[in-house]
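One letter stands for each residue in the lines below.
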Amino acid sequence: MTSRRVVVTGIGALTPIGNNVQDYWTALSNGVSGAAPITRFDSSKFKTQFACEIKNFDVNNFIDRKEARRMDSYTQYAMVTADEALVDAGLDLEKVNKDRVGVIWASGIGGLSTFHAEVMAFSKGDGTPRFSPFFIPMMIADIASGLISIKYGFRGPNFAVVSACASSTNAISDAFLYIKAGKADMIVTGGSEASVCEPAIGGFNSMKALSERNDEPQTASRPYDLTRDGFVLGEGAGALILEDLEHAKARGAKIYAELVGCGASADAYHMTAPHPEGLGASLVMKMALEEAGIKPEEVQYINTHGTSTPLGDAQEIKAIQNVFGDAAYQLNISSTKSMTGHLLGGTGAIEAIACLMAIQKGIIPPTINHVTPDPAIDPKLNLTFNKAQTREVNSALSNTFGFGGHNASVLFRKYEG
């Protein structure tokens, strides 16, 4: 088995605060909140009436109208961001060996809006089954990876990853490992989610997972603040082009950074709650550092899972301090979910892009909406509150954790040849 170096050569983003990478990064750097009252449906009967929706987006500007109607929104988002990333990578489809290009895509839930619409339509009928022939293909969580490969003719490894909110970080990790092992030269990877719909809001409300600050949605996502009361549901997608370094150099590709380590673990503790000592979270960060051969003091930035939930935020900070020790006080730490909300299975991809841009630009995006310190969180840590900070970033870590006890981390390092 060979072991090759893996780099990022293209990125694409569709988020509640920007419909492409540049707009997304500008908003992140300036601390812009994407939360607002829900426009997709009448939310007046729900405890939570706001979310981080995609804005000013018309899929027909990107995808043929007939094709778009046969896709759930999560797949539409995947197709749009994959295209942005491939254009960004400067890939010549006529010259690449498509047998060596794969697609590993993630979604935590898949076509939930499609499922809801079809079942509701059936329930209002006379009981005779009248489902769309596209119902199942639109709903299933693997169809985005399949349709990306079909559009571009990529015949390499192709599958979907589902691990709740850790899904797209696990997808990036799998793509990394496939390329390292020599099973592909390039992989389109990332994740998408489109769950701003009645079942998601109702379901998460019943779990008491969502913020209910309907009077101030823009400040509702407030990771690490004492008054945090749950996450804000978001939607969107992020795409990364991972590539074997020598393959990238041979075609003269620009390189954002090198992906040098990943980790995957389980809390093995509870269906939804994090381990009280952050054991699984600690393990994935240690795994990523060890694979990369990077010491804790060599990391400058951690983009945390940081969902703005009372339990999760504090446990992740505890895990960071466990892994990084005294070096934790030299880190910049931030949760960009304070701006984008929580994209569930798509969150790891857009947060990996935040890490890549931090390395490229030397800017740490902030954790906004912080007012009241939480005594359970060490005040000496730099959580980059409310305003971006500038510093050189040579290594950046991204954490994502999901229901079921899934934990995943990826570690990027500045590429220096």
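Refer to the structure above for everything that follows.
Because the structure is predicted, anything quoted here is derived from the model rather than measured.

Regarding the overall build of the protein
- Secondary structure summary: the protein contains 13 helices and 14 strands in total.
- Relative to the compact-globule value of 22 Å for 417 residues, the protein shows a C-alpha radius of gyration of 20 Å, a close match.
- Along the first, second and third principal axes, the C-alpha atoms of the protein reach 65 × 55 × 40 Å.
- Here the protein, with 417 residues, has 58% of them falling under the buried criterion.
- Restricting to contacts in the protein with at least 6 residues of sequence separation, those with at least 24 account for 80%.
- Of the charged side chains in the protein, 36 are positive and 44 negative; the average position of the first set lies 2 Å away from that of the second.

Brief notes about helix H4 (residues 112-123)
- End to end, H4 covers 16 Å across 12 residues, agreeing with the expected 16 Å (1.5 Å per residue, within 8%).
- Listed as buried for H4 are Leu 112, Thr 114 and Glu 118. In an axial view of H4, the angular spread of the buried residues amounts to 160 degrees, which keeps them on one side of the axis.
- Packing partners of the buried residues in H4 comprise helix H5 (135-139) and helix H8 (198-206).

Section: helix H10 (residues 279-292)
- Under the 1.5 Å per step criterion, the end-to-end length of H10 is 20 Å for 14 residues, consistent within 8% with the ideal 20 Å.
- Residues Gly 280, Ala 281, Ser 282, Val 284, Met 285, Ala 288, Leu 289 and Ala 292 constitute the buried set of H10.
- If you follow the buried residues of H10, they end up packed against strand E8 (257-266), helix H11 (310-324), strand E13 (395-402) and strand E14 (406-413).
- At the C-terminal side of H10, Gly 293 shows a positive phi close to 70 degrees.

Re the packing of aromatic side chains
- Enumeration according to the criterion identifies 10 aromatic pairs in this entry.
- Ring geometry for Phe 115 versus Phe 135: centroids 6.0 Å apart, planes at 40 degrees, classification tilted. Of the two residues, Phe 115 is situated in helix H4 and Phe 135 in helix H5; the sequence distance between them amounts to 20 residues.
- Phe 135 sits in the buried class, given a relative accessible area of 10%.

A word on unusual backbone geometry
- Located in the positive-phi region is Ser 308, a residue other than glycine, with phi close to 85 degrees.
- A relative accessible area of 0% places Ser 308 in the buried class.

With respect to the side chain of Thr 48
- Along the chain, the position of Thr 48 falls in the loop between strand E2 (36-37) and strand E3 (50-51).
- At 2.9 Å, the side chain of Thr 48 and the side chain of Asn 205 are in polar contact.
- Once residues lying within four places of it in the same chain are set aside, the contact partners of Thr 48 are Ile 38, Ser 43, Ile 201, Asn 205, Leu 210, Ser 211, Glu 212 and Asn 214.

So, the sheet that holds strand E4 (residues 101-106)
- An order of E5-E4-E6-E7-E1-E8-E14-E13-E9-E10 is seen for the 10 strands of this open sheet, with the pairing classed as mixed. With partners counted over all chains shown, the strands left at the sheet margins are strand E5 (158-161) and strand E10 (332-334), one partner each. Averaged over all pairs of adjacent strands, the angle between their axes in this sheet comes to 25 degrees, without regard to strand direction.
- Both strand E9 (residues 301-303) and E13 contribute to a ladder of three bridges, which runs parallel. By the bridge assignment for E13, Asn 303 is matched with Ser 398.

Describing the environment of Ala 166
- With respect to the helices and strands, the residue Ala 166 is situated in the loop between E5 and helix H7 (167-180).
- Put simply, Ala 166 and Lys 337 are 171 residues apart on the chain and 14 Å apart in space, counted from C-alpha to C-alpha.
- Apart from the residues lying within four places of it in its own chain, the contact partners of Ala 166 are Thr 400, Phe 401, Gly 402, His 406 and Ala 408.

A short note on a nonpolar patch on the surface
- Taken together, Phe 115, Val 119, Phe 122 and Phe 131 make up a surface patch of nonpolar side chains, about 310 Å² in accessible area.
- Looking at Phe 115, the relative accessible area reads 39%, which means it is partly exposed.

Digging into the pairing of strand E7 (residues 236-244)
- When you tally the buried positions in E7, you get nine out of nine residues, the bulk of the element.
- Judged by which residues are buried, E7 turns out to be covered on both faces: Gly 236, Gly 238, Leu 240, Leu 242 and Asp 244 on one side and Ala 237, Ala 239, Ile 241 and Glu 243 on the other are all buried.
- As defined by bridge partners, strand E1 (residues 6-14) adjoins E7 across eight bridges and the pair is classed as antiparallel. Residue pairing across strands places Gly 12 opposite Ala 239, the latter belonging to E7.

Some details on the layout of surface pockets
- One number sums up the size of the largest pocket: a volume of about 720 Å³.
- Taken together, 39 residues line the largest pocket, and the ones lying closest to its centre are Thr 272, Pro 274, Thr 307, Thr 309 and Phe 403.
- Counting residues per element, the ones that place at least two in the lining of the largest pocket are H11, E13 and E14.
- Top contributing element to the lining of the largest pocket by residue count: H11, with six residues.
- A per-class count over the lining of the largest pocket returns 16 nonpolar, 18 polar and five charged.
- The volume enclosed by the second largest pocket comes to roughly 310 Å³.
- Surrounding the second largest pocket, 16 residues form its lining, Ile 63, Glu 67, Met 71, Met 79 and Lys 151 being those nearest its centre.
- Only helix H3 (73-89) and helix H6 (143-152) provide two or more residues apiece to the lining of the second largest pocket.
- With five residues, H3 is the single largest residue contributor to the lining of the second largest pocket.

The rules behind each value
Residues numbered from 1 in each chain as written. Predicted model: local features only at pLDDT ≥ 70, side-chain atom pairs only at ≥ 80, totals over all residues. Heavy atoms only, no water. Helix = DSSP H or I, 4+ residues; strand = E, 2+ residues; numbered from the N terminus. Rg over C-alpha atoms; globule rule 2.2 N^0.38 Å. Buried < 20%, exposed > 50% of the residue type's maximum accessible area, 1.4 Å probe, protein only. Contact = heavy atoms within 4.5 Å. Lys, Arg positive; Asp, Glu negative; His and termini not counted. Charge placed at Lys NZ, Arg CZ, Asp CG, Glu CD. Expected span 1.5 Å × (residues − 1). Arc of directions from axis to C-beta. Phe/Tyr/Trp six-rings, centres within 6.5 Å; stacked < 30°, edge-to-face > 60°. Polar contact = N/O pair within 3.5 Å; in protein donor to acceptor, adjacent residues only side chain to side chain. Pairing = 2+ DSSP bridges. Axes fitted to C-alpha atoms, helices over the stretch in contact; angles between N-to-C directions. Patch = residues over 30% accessible without salt bridge, like charges linked within 9 Å, V, L, I, M, F, W, Y side chains within 5 Å. Areas by Shrake-Rupley, 256 points an atom, 1.4 Å probe, with all protein chains shown as cover. Salt bridge = Lys/Arg side-chain N within 4 Å of Asp/Glu carboxyl O. 1 Å grid on protein atoms, 1.4 Å probe; cavity = no way out; pocket = protein on both sides within 12 Å on 5 of 7 lines; lining within 4 Å. Points joined across faces, edges and corners; volume = space filled by probe spheres on them. Nonpolar A, V, L, I, M, F, W, Y, C, P; charged D, E, K, R; others polar.

As far as function goes, none of this settles anything; it's purely spatial.
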